[in-house]
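In case you want the letters, here they are:
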Amino acid sequence: MPGRTSRLLLAVLAFGYAFLYVPILTMIVYSFNESRLVTVWSGFSVKWWGELLRNEAMLDAALLSFQIALVNACVATVLGTMAGFALARHPRFPGRIAFTGLIAAPLVMPEVIMGIASLLLFVALDQVLGWPRRGFATIAIAHITFSAAYVAVVIQSRLADFDRAVEEAAMDLGARPFTVLRTITLPLIAPSLVAGWLLAFTLSMDDLILTQFVAGAQSQTLPMLVYSSVRLGVSPQINVLATIIVTVAGAAIVGAGWLMNRARRQRDRDAYAATRRA
Amino acid sequence: MSATARTVARGAPWGRAATILVPYLWLLLFFAAPFAIVAAISLGDYTPDTVPPVTLTWSGKAYALLVGDALYAAAYLNSLRIAAIATIVTLLIGYPMAYTIARAPAGWRGPLLMAVILPFWTSFLIRIYAWMGILSENGLLNQVLRGSGLVDDPGTLLGTEWAIYLGIAYAYLPFMVLPLYASLEKMDAALLEAAADLGARPWTAFRTVTLPLSLPGIVGGCLLVFIPAVGEFVIPDLLGGTGTLMIGKVLWDEFFSNGDWPMASAVAMAMLVVLVAPIVLFQRARARDLAGR
């Protein structure tokens, strides 16, 4: 790259990262602001941190969101992994084209459409079967449906790059298909399973629109509460919440990355040791 | 394929059936079937005194209103326009970033890309909220503008369409950068060297070699931004003014403020009709991309 072009590109890149991170940094800084006005700095204080931690409604909503996200992440990872295998390993089955559409559509479908559609289904089911009542179950089902599609994409693209030779070797040595899956395939795609689980967890923890449609009057998740308070204007407590979310999410991602890296290095060392012994 | 490979590919017969059927049935029941119900409700009558506030008929009154009231057409067109402009803004920011990351030393690419994705893992709502503070009358942007002495009275971006473009570009940037990066990274650097050897200037080489080869990434990224942006609700609601007319907001208000389920359903059906072509295009592009590997 000629010098001038590369300097220009570096400047663009720096601008892009500033665009991404400056808003988040300002939120963190102002969570320690004394003033109620989020835009005027009047001195360092942690009083909004205390207020948030004493805010019962916020804590209840956070707990509900966490429970839903946990259930969602586990079920969506199982469903999404099955779907990823179906797409990557079974090139021909009846209705495959419709199936790929069912996986792709939730990725881009505007949430207001999915929201009203899911709600109308739950109301119809409730009228016919008496189940599900609006609340935890309906929110979890709606979240699972669209986050499973995301997990499927993660798993499908991992399996597309998968080296089948190790599976074939295990089969040649007499392992049954289920044993191969359990001892070879799943451990090898474990980082993608973790990534899919984390993605599903985050999508659920963060979802507002779909949740607002299907939640009913009794349940309030964290994004619902944040939205209703943000509509009234900026508030320092939301800045504190933002700081906590950014810290936890950042730590989880960096931690997961570090663990996966370590596991890969360990595997490489084992493989090297094995070849040396042979 | 050897006999063992075939067995591996098939897996146990019941395992194979379950792997396909369980997610298939789930998505049919909870993602596809609801659209039939939306269609049925959209044809019904709004009856505020019943629970739920719908009486199933074939009257199609909601559609008559949808066509008759110019407000709806204006909201659809406005949403398409805003989503299109925002997509272009996102592309203009995302392309140079993806290009630079793809040209970076191999060891840097992973961390640089990770840094683009990282904000996506924090709350969407809270990232939009951050812009409310920055763009407000006394927010960071205006403080900087006033402090620089260039502008005395910068006015307020919050509540304008520009705030919506900014919000969409900010929230959807990772969805633009990832497909662009994937197509740019695959590109063979030798092609550019060949173009340069044949006397092409950098800009010509970019225009005639890089840009066409990255077209799949451009299409994929733009669709990933454009389709959800058309139905976006949170961004126009929090960053746009009260007068902002976008179809996602219209649907939301019909449902939550007016409680008119048939009208909200009709708005959703019409939005679906508008978005079917780009969604099919998106699915095709994805299938081609996976087949190409």
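Reading guide: rules and limits
- Residues numbered from 1 in each chain as written.
- Chains lettered and ligands numbered in written order.
- Predicted model: local features only at pLDDT ≥ 70, side-chain atom pairs only at ≥ 80, totals over all residues.
- Helix = DSSP H or I, 4+ residues; strand = E, 2+ residues; numbered from the N terminus.
- Buried ≥ 20, exposed ≤ 12 C-beta atoms within 10 Å, placed from the backbone.
- Rg over C-alpha atoms; globule rule 2.2 N^0.38 Å.
- Contact = placed C-beta atoms within 7 Å.
- pLDDT = per-residue confidence, 0-100.
- Nonpolar A, V, L, I, M, F, W, Y, C, P; charged D, E, K, R; others polar.
- Expected span 1.5 Å × (residues − 1).
- Bend = angle between axes of the 7 residues up to and from the residue.
- Core = buried A, V, L, I, M, F, W, Y, C linked by C-beta atoms within 7 Å.
- Axes fitted to C-alpha atoms, helices over the stretch in contact; angles between N-to-C directions.
- Parallel < 35°, antiparallel > 145°, perpendicular 65-115°, else oblique.
- Left-handed = near helix turned anticlockwise from the far one by under 90°.

Within chain B, the regular secondary structure consists of 14 helices and 2 strands. Scored against the burial criterion, the 293 residues of chain B give a buried share of 43%.

Here we come to the overall build of chain A. For chain A, the helix and strand inventory stands at 12 helices and 0 strands. Seen in sequence order, chain A has helices and strands lined up from the N terminus as α-α-α-α-α-α-α-α-α-α-α-α. On C-alpha atoms alone, chain A measures out to a radius of gyration of 23 Å, which is more than a quarter above the 19 Å that the 2.2 N^0.38 rule sets for 278 residues. On the principal axes, the C-alpha backbone points of chain A span a range of 70 × 65 × 40 Å. Classification of the 278 residues of chain A by burial places 42% in the buried group. Sequence-distant contacts, at least 24 apart, represent 77% of the contacts inside chain A between residues at least 6 apart.

This brings us to the confidence of the model for chain A. Atomic detail in the predicted coordinates should be set aside for any region of low pLDDT. Across chain A, the average pLDDT comes to 89, with 97% of residues at 70 or higher. For chain A, per-element mean pLDDT is lowest for helix H12 (residues 236-277) of chain A, which scores 83, and highest for helix H10 (residues 209-214) of chain A, which scores 96.

Taken together, the 72 residues of chain A in the interface contact 82 residues of chain B. Here the side of chain A that touches chain B takes 13 residues from helix H1 (residues 3-30) of chain A, the largest share from any one element. When its residues are assigned to classes, the side of chain A that touches chain B shows 55 nonpolar, 11 polar and 6 charged.

Taking 1.5 Å as the rise per residue, helix H4 (residues 70-103) of chain B with 34 residues should run 50 Å; its terminal C-alpha atoms sit 49 Å apart, in good agreement. Of all the bends in H4(B), the greatest reaches close to 25° and is centred on B:Gly94; the proline B:Pro96 follows between one and four positions later.

Let us look at unusual backbone geometry. Following A:Trp131, the chain continues to A:Pro132 via a peptide bond in cis, the omega torsion being -5°. Inspection of the secondary structure assignment puts A:Pro132 in the loop between helix H5 (111-129) and helix H6 (136-160). At the junction of B:Val51 and B:Pro52, the peptide bond is cis and its omega measures out at -10° in the coordinates. With respect to the helices and strands, B:Pro52 occurs in the loop between strand S1 (45-46) and strand S2 (54-55).

Counting 162 residues, the largest nonpolar core has A:Ile116, B:Ala98, B:Leu251 and B:Val267 as the members making the most contacts within it. Per element, the largest residue contribution to this core is 16 residues, and it comes from helix H8 (residues 161-186) of chain B. Sequence-distant contacts of B:Ala98, that is, excluding residues within four places in its chain, are made with B:Val177, B:Leu180, B:Tyr181 and B:Leu184.

On to the confidence of the model for chain B, then. Residues and elements named next belong to chain B. Considering every residue of chain B, the mean pLDDT works out to 88; 95% of them sit at 70 or more. Here helix H1 (residues 3-10) is the element of chain B with the lowest mean pLDDT, 50, and H4 is the one with the highest, 95. If you check the scores for this complex, the pTM reads 0.90 and the ipTM reads 0.89.

This paragraph deals with helix H11 (residues 215-230) of chain B. When the terminal C-alpha atoms of H11(B) are compared, their 22 Å separation across 16 residues agrees well with the 22 Å that a helix rising 1.5 Å per residue should span. Of all 16 residues in H11(B), 13 are buried, a share of seventy percent or more.

All names here are of chain A. Of note, Met114 is situated in helix H5. Distance from Met114 to Gly130, taken between C-alpha atoms, is 22 Å for residues 16 residues apart in sequence. Residues contacting Met114, with those up to four places away along its chain left out, are Pro106, Met109, Phe146 and Leu210.

Any two packed helices are characterised by the angle at which their axes cross and by the distance between the axes. Residue and element names in this part refer to chain A. One way to put it is that helix H4 (residues 96-108) packs onto H6 with a least axis distance of 8 Å and a crossing angle of 110°. As judged from the angle between their axes, H4 and H6 are roughly perpendicular. In this structure, the crossing between H4 and H6 has a hand that is left-handed. The residues of H6 that touch H4, namely those facing Ile103, Pro106 and Leu107, are Thr145, Phe146, Ala149, Tyr150, Ala152 and Val153. Among the residues making up the contact of H4 with H6, the classes are represented as 8 nonpolar, 1 polar and no charged.

It is worth spelling out the packing of helix H7 (residues 165-172) of chain A against helix H8 (residues 177-188) of chain A at this point. Residues and elements named next belong to chain A. Packing of H7 against H8 leaves a shortest axis separation of 10 Å and a crossing angle of 145°. Crossing angle aside, the handedness with which H7 passes H8 is right-handed. Where H7 approaches H8, its residues Val166, Glu167, Ala170 and Met171 are matched on the opposing element by Val180, Ile184 and Thr185.

This next bit is on the environment of B:Leu92. All names here are of chain B. By the element assignment, Leu92 lies in helix H4. Classification of Leu92 by C-beta neighbours within 10 Å gives exposed; the count is 12. For the pair formed by Leu92 and Gly68, sequence separation is 24 residues and the distance between their alpha carbons is 38 Å.

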